[in-house]
Amino acid sequence: MTAFPAQVDSSHELRPDALIEVRGLTAGYDGTAVIRNVDLHVEPGEIVALLGPNGAGKTTTLLAISGILSPMAGTIRVLGDRVSSHRPHLGARRGLAHVPEDRALFSGLSTLDNLRLGNRDRSGDLDATLDRFPALRGLLNRRAGLLSGGEQQMLALARALISRPRALMVDEMSMGLAPIVVEQLLPVLRRIADEHGTGILLVEQHVHMALEIADRAYVLNHGELALHGRADELVDQLDRLEASYLGQDPT
Ligand code: ATP
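Bear in mind that the values here come from a model prediction, so they are computed numbers and not experimental data. (Residues numbered from 1 in each chain as written. Predicted model: local features only at pLDDT ≥ 70, side-chain atom pairs only at ≥ 80, totals over all residues. Heavy atoms only, no water.)

Visitor: A description of the sheet that holds strand 7 (residues 167-171) should follow, citing residues and the corresponding values.
Guide: Taken in spatial order, the six strands of this open sheet run 6-7-8-3-9-10, and their pairing is mixed. Two strands bound the open sheet, and with one partner strand each, they are strand 6 (96-99) and strand 10 (224-230). Averaged over all neighbouring strand pairs, the angle between strand axes comes to 15°, with direction disregarded. Looking at chain direction, strand 7 and strand 8 (residues 199-203) are connected through five bridges and run parallel. By the bridge assignment, Ala-167 is partnered in strand 8 with Gly-199. This element, helix 5 (residues 149-161), spans strand 6 and strand 7 of the sheet and lies at about 170° to strand 6. Where helix 6 (residues 179-196) meets the sheet, it contacts strand 3 (47-51), strand 7 and strand 8, and its direction lies at approximately 155° from that of strand 8. (Pairing = 2+ DSSP bridges. Helix = DSSP H or I, 4+ residues; strand = E, 2+ residues; numbered from the N terminus. Axes fitted to C-alpha atoms, helices over the stretch in contact; angles between N-to-C directions. Contact = heavy atoms within 4.5 Å.)

Here is the structure:
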């Protein structure tokens, strides 16, 4: 099981530059832990994929980092500040944006009004954001609920990015989308990380596509980190990785 070049990240060195730093995180629901002793970090300009089979605890990890879910043990720092689950709304102000699995759009509001809600402090640049997602320009007056799945995901990403967060978490961006749409959206994240130094934590079912744009990846299995390594190393082991850790048959 451990014959991979990549190993669990068990180092405990200080990471003063990390945008997201999680140590010994145990979290769950109603007193039952579903993730245990998770360590991970995201540095500026990095895309870090969080992989694992259904139910492994990927969404739970993001909810804890956002401060929506209280950790049972461990520490979480975002931009150097310790996250408090009592004040999750501070996440956005601290520079952390979170695109949840259901995208959390206001379906009755227009595309433009959804974008305005991501830019309440008016620090963002609507035009620059639309340059990233040009397909949204012709849809500004359409209700979000009437957009296609791919357009809704673009809107969710654009809304999260408009205020230029330093760190971004994206949960299952590809949910319900055709692979070709995912292939178009993932490189946008790569450019944002490269050009703005945004650190991105990406939960993604399309393992191969995620590893193509990621710098590093962690694999969660049954709530525990099973592997951590550079994406280019993991991609070489993809068939074995999928069979062993992701519950898929290598094809
Ligand atoms: P998927 O890829 O299917 O979205 P995941 O890796 O994101 O899976 P989580 O959604 O974090 O996994 O779920 C981890 C475990 O926690 C699962 O067993 C799930 O049933 C359980 N769980 C998730 N949300 C709750 C909740 N609100 N209350 C109780 N248990 C929950």
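Picking up where we left off.
Visitor: Help me get a handle on the layout of surface pockets, residues and values and all.
Guide: For the second largest pocket, the calculated volume is near 240 Å³. As for the second largest pocket, its lining consists of 16 residues, of which Arg-132, Leu-161, Arg-164, Ile-192 and His-196 are closest to the centre. Elements that contribute at least two residues to the lining of the second largest pocket include exactly helix 4 (126-132) and helix 6. Per element, the largest residue contribution to the lining of the second largest pocket is three residues, and it comes from helix 4. Classifying every residue of the lining of the second largest pocket by side-chain character gives eight nonpolar, four polar and four charged. (1 Å grid on protein atoms, 1.4 Å probe; cavity = no way out; pocket = protein on both sides within 12 Å on 5 of 7 lines; lining within 4 Å. Points joined across faces, edges and corners; volume = space filled by probe spheres on them. Nonpolar A, V, L, I, M, F, W, Y, C, P; charged D, E, K, R; others polar.)

Visitor: I'd love a proper account of the site of the ligand, names of residues and values included.
Guide: Residues in contact with the ligand amount to 13 residues; listed here are only the nearest, Gly-55, Gly-57, Lys-58, Thr-59 and Thr-60. Taking Glu-101, its side chain carries an N or O atom lying 3.5 Å from an oxygen atom of the ligand. Considering the ligand on its own, with 640 Å² of exposed area, one finds that the protein chains cover 59% of that surface. Here the element with the most residues in the shell around the ligand is helix 1 (residues 58-66); it accounts for three residues. A per-class count over the shell around the ligand returns four nonpolar, six polar and three charged. (Near = heavy atom within 4 Å. Polar contact = N/O pair within 3.5 Å; in protein donor to acceptor, adjacent residues only side chain to side chain. Areas by Shrake-Rupley, 256 points an atom, 1.4 Å probe, with all protein chains shown as cover.)

Visitor: Please set out the environment of Leu-220 residue by residue, giving values where relevant.
Guide: Topologically, Leu-220 is positioned in strand 9 (residues 216-221). For Leu-220, a relative accessible area of 0% puts it in the buried group. Separated by 182 residues in sequence, Leu-220 and Val-38 place their C-alpha atoms 8.8 Å apart. Beyond its immediate chain neighbours, meaning those up to four positions away, Leu-220 contacts Ile-35, Val-38, Leu-50, Leu-51, Gly-52, Pro-53, Ala-56, Gly-57, Lys-58, Thr-61 and Leu-225. (Buried < 20%, exposed > 50% of the residue type's maximum accessible area, 1.4 Å probe, protein only.)

Visitor: I'd like to hear about the sheet that holds strand 4 (residues 73-78), residue by residue, with values.
Guide: Overall, antiparallel pairing links the four strands, which are arranged 2-1-4-5 in an open sheet. Two strands bound the open sheet, and with one partner strand each, they are strand 2 (32-42) and strand 5 (81-82). In the sheet, strand 1 (residues 20-29) pairs with strand 2 via seven bridges, with the strands oriented antiparallel. When the sheet's bridge partners are listed, Ile-20 is paired in strand 2 with Val-42. Each of strand 1, strand 2 and strand 4 is contacted by helix 1, which is oriented at about 115° to strand 1, the strand it contacts most.

Visitor: An account of the environment of Leu-50 is requested, with residue identities and associated values reported.
Guide: Its place among the elements puts Leu-50 in strand 3. Leu-50 sits 155 residues away from Gln-205 along the chain, and the two C-alpha atoms are 9.3 Å apart. Excluding residues that lie within four positions of it along the chain, Leu-50 makes contacts with Leu-40, Lys-58, Thr-61, Leu-62, Leu-201, Leu-202, Val-203, Glu-204, Tyr-218 and Leu-220.

Visitor: Can you explain the pairing of strand 1? Please cite residues and give values.
Guide: Counting buried residues along strand 1, eight of its 10 residues qualify, which places the element largely inside the surrounding structure. Linking two consecutive strands that pair antiparallel, namely strand 1 and strand 2, is a turn of two residues; a positive phi of about 50° is found at Asp-30 within it. Sheet topology note: the strand 1/strand 4 ladder contains five bridges and is antiparallel. Bridge pairing in strand 4 places Ile-20 opposite Val-78.

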